[in-house]
Structures are given as C-alpha cells and as structure tokens.
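Coordinate inspection notes
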Amino acid sequence: MTTEERRIAPSADVDPSAEIGRGTTVWHLAQVREKAKLGTGCILGRGAYVGPGVVLGDNVKLQNYALVYEPAVLEDGVFVGPAAVLTNDTYPRSADVDGRLKRDGDWEALGVVVREGAAIGARAVIVAGKTIGRYALVGAGAVVTRDVPDFALVAGNPARRIGWVGRAGRPLAESGDGLWTCPETGEKYMEDGHLLVPA
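Read on for a plain summary of the structure. (Residues numbered from 1 in each chain as written. Predicted model: local features only at pLDDT ≥ 70, side-chain atom pairs only at ≥ 80, totals over all residues. Heavy atoms only, no water.)

With that settled, consider the overall build of the protein. Helix and strand counts for the protein come out as 0 helices and 26 strands. Taken over the C-alpha trace, the protein has a radius of gyration of 18 Å; the compact-globule value for 199 residues is 16 Å, and the two agree within 12%. For the protein, the C-alpha atoms occupy an extent of roughly 55 × 50 × 20 Å along the three principal directions. Counting across all 199 residues of the protein, residues that qualify as buried make up 37%. Within the protein, contacts between residues at least 6 apart in sequence are counted, and of these 16% link residues at least 24 apart. As displayed, the protein offers around 10500 Å² of accessible surface, 50% of which is attributable to carbon and sulfur atoms. Of the side chains in the protein, 22 bear a positive and 25 a negative charge, and the two mean positions are spaced by 4 Å. (Helix = DSSP H or I, 4+ residues; strand = E, 2+ residues; numbered from the N terminus. Rg over C-alpha atoms; globule rule 2.2 N^0.38 Å. Buried < 20%, exposed > 50% of the residue type's maximum accessible area, 1.4 Å probe, protein only. Contact = heavy atoms within 4.5 Å. Areas by Shrake-Rupley, 256 points an atom, 1.4 Å probe, with all protein chains shown as cover. Lys, Arg positive; Asp, Glu negative; His and termini not counted. Charge placed at Lys NZ, Arg CZ, Asp CG, Glu CD.)

Next up on the list: the layout of surface pockets. One number sums up the size of the largest pocket: a volume of about 180 Å³. If you trace the largest pocket, you find it lined by R33, Y49, P52, Y69, E70, N88, D104, W107 and A109. In the lining of the largest pocket, the residues fall into 5 nonpolar, 1 polar and 3 charged. (1 Å grid on protein atoms, 1.4 Å probe; cavity = no way out; pocket = protein on both sides within 12 Å on 5 of 7 lines; lining within 4 Å. Points joined across faces, edges and corners; volume = space filled by probe spheres on them. Nonpolar A, V, L, I, M, F, W, Y, C, P; charged D, E, K, R; others polar.)

Printed below as a string of structure tokens:
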C-alpha cells in the first residue's frame, strides 16, 4: 500500500458519506458512521467505532474496540487505547419519564474534544463534553470527569493529575525554578500555576 491509498478491510462497515483520508487504514469489524471525517494516515483497529459526524485529524490511532461517540473531535496525532470510550450523554436514560424510548431528538449529544498529540490509555472513559489538552496523557482505566490541562498526566477514578508529560509522552523530571525536563528529548517546560508551557 502506498501512502496515497486507503485500506479498508472487507469486514469493516464504512458509510458511503464518510470521508476517509489518504493513507488511512480501517481494520476488521471497525465501523465508521455517516458524515464522519478521518484525516490522512489514520489507523482504526479491529472493532473500533467512529460515530456520525465525528472528526479525526491526521495520524490519529484508534486501537482495537475504542469507541468514539458523536460529536467528538480528535485533533492531529491523537492516540486512543484499546477499549477506551469517549462518551456523549451527560444524563443517560433509555426511556423518558413517560416510559417512551428516547430517540435522537430527545437528548443533547456533547462530544469529547481531544487536542493535538494527546493520548488516552486502554479502557479509559472520558465523560461527555470534556476536553483533553494538548499532549496530555490519560492513564489506563482512568475515568475523566473534568477537563485535562495541556501536558498533564492523569490517572485514577476520578482522574487526577499525578504529574506532567512532554511531547514524547514521557513523564517530565523537575529541574528546579519551576522548570521541567523531558528525559527523552531534553525539551524544557515551565510550570505556570497549574499549567505547563514549553520554555
């Protein structure tokens, strides 16, 4: 396969109205719903789900059985681990108070936003309407109930910040005077209150 080609497994279910970028691969049993937009170079693992109108930037990876519900937006370079779930209903109910089954118009979908370069670990759950900041890292099994700042490392239920990570995804080492250093790249970051910015 060249970078210009799209690869869609025969068992994948891709709606004809979905836009699939060059070099994107959709593996077995994955489902891409109507009007979803996938950028270039994306990889959707086995059984991954992309809801109607969901937008994926370039080089996004959804691992096996990751579920991304509408109207989520994932920016360039986002990673979503196996069986992670990005939800869209703040007050979920199958039926209304009169016992009637709820339909699309009976509730408001709030999508998750995942900013550039962020990563979500296996089996993590992101609650509807939350934002994961640039290059943040959500630990495996975490339950995110509030927005995650740029470069934050969060874990637990509910997820709490336990450190900082750099663009390479490695935990940063504190180097004094509010500075943090990436052990892999040597990049420096500066802590400003509860946020981290490149120095």
